[in-house]
Amino acid sequence: MVRESNYWLSTVEQVQFSARELPASADVAVIGAGFTGLSAARTLAKSGARVAVLEAENVGWGASCRNGGMVLSGLKLGAPTLLSRYGREAAQRMYAASLASIDCVEQIVSEEGIPCDFSRCGHLEVACKAKHFAGFRRAAETTEQVFGHRLRIVPREELAGEIGSGIYYGGMVDELSAGVNPARYVAGLGRAAAKAGAEIYEKTRVTALEPASRDGHSGWTVTTSRGPLHATDVLAATSGYTSGITGGLQKRIIPIGSFIIVTEVLPPELARELSPRNRMIYDSKNYLYYYRLTPDRRMLFGGRAAFFPENQHTVRKSAEILRQGMIKVYPQLRDTKVEYVWGGTLDFAFDIMPHAGKMEGMYFSMGYAGHGVAMATLLGKSMAEAILTGRTENPFAGIPFPTAPLGLYHGKPWFLPLAGAWYKFLDWVS
Ligand SMILES: Cc1cc2nc3c(=O)[nH]c(=O)nc-3n(C[C@H](O)[C@H](O)[C@H](O)COP(=O)(O)OP(=O)(O)OC[C@H]3O[C@@H](n4cnc5c(N)ncnc54)[C@H](O)[C@@H]3O)c2cc1C
């Protein structure tokens, strides 16, 4: 029987954060207690700021405890697109940020002693078509020449050393990427932020935000399900769960469902055969699969089985779609039991780029497009520094943050079935 629940949560002890009354005021109100919000709160509190983290559910409830735990180099968009869109210098800064984001996670994990199985096991991208593999070669060349970073090409004949599947045309490895248990990581980040002095209020939904000055200083009245709060600054860290209270952000972020199954524990020899180097693996399709072994030797297999965000219907449907996908990749798992299935919501901007800056007086960071474990940690920290210094210095701050073409989107993603069909079509023809 497949449990409709998140495997990672079965590995972590739930911690209860502040049940105290909300304070009347704070220097910074952070909306959302995922990687972005907690990383920001930790940095702010360490500098002595009075921080209130306001979370509608509980710490890590959003994508941060539901993801694959892949701590990846690079952005969702490949090197050629970054170069042609933003030019050499800006693209170099963006790529460097992606590498720095992994170091940032590693540093926090080690400084705070977070027991979350962080390991620099590397990632493997596998080519679903011969022409995708040719693209890997070009990407590796560009990445080395322009970004000074080496990716290793693995021809089809050598792929068995990386993956126990015969369906791919070759691969590309980055040894720098890492794996983590995301639920343990986000819980540890919450504890670290609280230890630094941030107050974390769970079950506290922000329901309205209004500019309000006090003693001649600008600020915000933040209305929550537990009462109001005055904050000098606000950081929106709500990613795929962004709502109408920050309408300007909501119409720039598309919430897209992603789903994961996890099998029973595998025998050691079988686990070694499937993933001899224990890589974080994903394929080259638009409608892609991503997969890895968990630290206790289960196969975790994810993908965009349905485009709409998680609900009982999409989660149930995804379990079977993903099982079929997993068996295509690994026929060895035909008789293996799937024990868990769950879903979460990804945050895509219309240009498929992260965005972190200030809009209408409010700080924000989101748009990680499935690369958020590391980038949300880094940009959360960077937005905290922006609030503390008044200078926003990350490489994504100055780029345009587009809304939908022709303004045809106000937060209800009516076009997702069309986008899903379009991506399937692209995978078929390209
Ligand atoms: C299934 C899945 C697999 C993924 N796999 C990977 C992966 O392997 N590697 C990778 O790098 N990335 C992955 N991602 C993406 C990554 O998980 C996210 O980019 C990242 O967790 C975003 O963190 P966040 O803190 O910005 O947002 P979230 O963790 O989503 O947190 C936002 C929080 O805001 C809260 N909130 C929203 N509105 C309000 C409100 N009004 N008041 C109070 N609180 C509010 C929500 O309750 C939520 O807890 C995956 C995502 C999903 C869904």
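Because the structure is a prediction, the values reported are computed rather than measured. (Residues numbered from 1 in each chain as written. Predicted model: local features only at pLDDT ≥ 70, side-chain atom pairs only at ≥ 80, totals over all residues. Heavy atoms only, no water.)

Caption draft 1: Main features of helix α4 (residues 130–147). End to end, α4 covers 25 Å across 18 residues, agreeing with the expected 26 Å (1.5 Å per residue, within 8%). The set of residues buried in α4 consists of His132, Phe133, Gly135, Phe136, Ala139, Ala140, Thr142, Thr143, Val146 and Phe147. Buried residues along α4 sit in contact with α2 (79–86), α3 (88–112), β4 (123–126), β5 (152–155) and β6 (170–174). Immediately downstream of α4, the backbone of Gly148 shows phi near 65 degrees, a positive value. (Helix = DSSP H or I, 4+ residues; strand = E, 2+ residues; numbered from the N terminus. Expected span 1.5 Å × (residues − 1). Buried < 20%, exposed > 50% of the residue type's maximum accessible area, 1.4 Å probe, protein only. Contact = heavy atoms within 4.5 Å.)

Caption draft 2: Focus on the packing of aromatic side chains. One pass over the full model with this rule turns up 10 aromatic pairs. On the basis of an interplanar angle of 70 degrees and a centroid distance of 5.5 Å, the ring pair of Tyr7 and Tyr340 is categorised as edge-to-face. With a gap of 333 residues between them, Tyr7 in the segment before β1 (25–31) and Tyr340 in strand β16 (residues 338–349) connect regions that are remote in the sequence. Exposure class is identical for Tyr7 and Tyr340. Each is buried. Taking the centre distance of 6.2 Å and the plane angle of 70 degrees together, the rings of Phe133 and Phe136 count as edge-to-face. Of this pair, Phe133 and Phe136 both sit in helix α4, 3 residues apart, which is roughly one turn of the helix. Pair check on accessibility: Phe133 and Phe136 agree, each one buried. Each residue in the set Tyr289, Tyr291, Phe301 and Tyr330 is aromatic and connected to the rest through ring pairs, giving one cluster. One Lys or Arg, Arg66, reaches over the ring of Trp61 and ends 4.7 Å from the middle of that ring. For the cation-ring pair, Arg156 lies above Tyr169, with the distance from its terminal atom to the ring centre recorded as 4.4 Å. (Phe/Tyr/Trp six-rings, centres within 6.5 Å; stacked < 30°, edge-to-face > 60°. Lys NZ or Arg CZ within 6 Å of the ring centre and 35° of its normal.)

Caption draft 3: Region of interest: the sheet that holds strand β14 (residues 289–293). Taken in spatial order, the 8 strands of this open sheet run β5-β6-β4-β13-β14-β15-β12-β16, and their pairing is mixed. Edge positions in the sheet fall to β5 and β16, since each has one partner strand and no second. Across this sheet, the average inter-strand angle for adjacent strands is 20 degrees, counted without regard to direction. Running over the sheet, helix α8 (residues 312–329) touches β12 (253–263), β14, β15 (299–303) and β16 and is turned about 60 degrees from β12. (Pairing = 2+ DSSP bridges. Axes fitted to C-alpha atoms, helices over the stretch in contact; angles between N-to-C directions.)

Caption draft 4: Looking closely at the site of the ligand. If you check the shell around the ligand, you find 37 residues, and the closest are Thr36, Glu55, Ser64, Met70 and Ser239. In this structure, a nitrogen atom belonging to the ligand sits 3.0 Å away from a main-chain N or O atom of Ala56. The contact in question runs from an oxygen atom of the ligand to an N or O atom on the backbone of Gly62, over 3.2 Å. Contact with the protein chains removes 98% of the 1000 Å² of surface that the ligand exposes when unbound. Sorting the residues of the shell around the ligand by element identifies α1 (35–46), β12, β16 and α9 (372–389) as the ones contributing at least two each. Here the shell around the ligand gets 4 residues from one element, more than from any other, and that element is β16. Of the residues belonging to the shell around the ligand, the class tally is 16 nonpolar, 17 polar and 4 charged. (Near = heavy atom within 4 Å. Polar contact = N/O pair within 3.5 Å; in protein donor to acceptor, adjacent residues only side chain to side chain. Areas by Shrake-Rupley, 256 points an atom, 1.4 Å probe, with all protein chains shown as cover. Nonpolar A, V, L, I, M, F, W, Y, C, P; charged D, E, K, R; others polar.)

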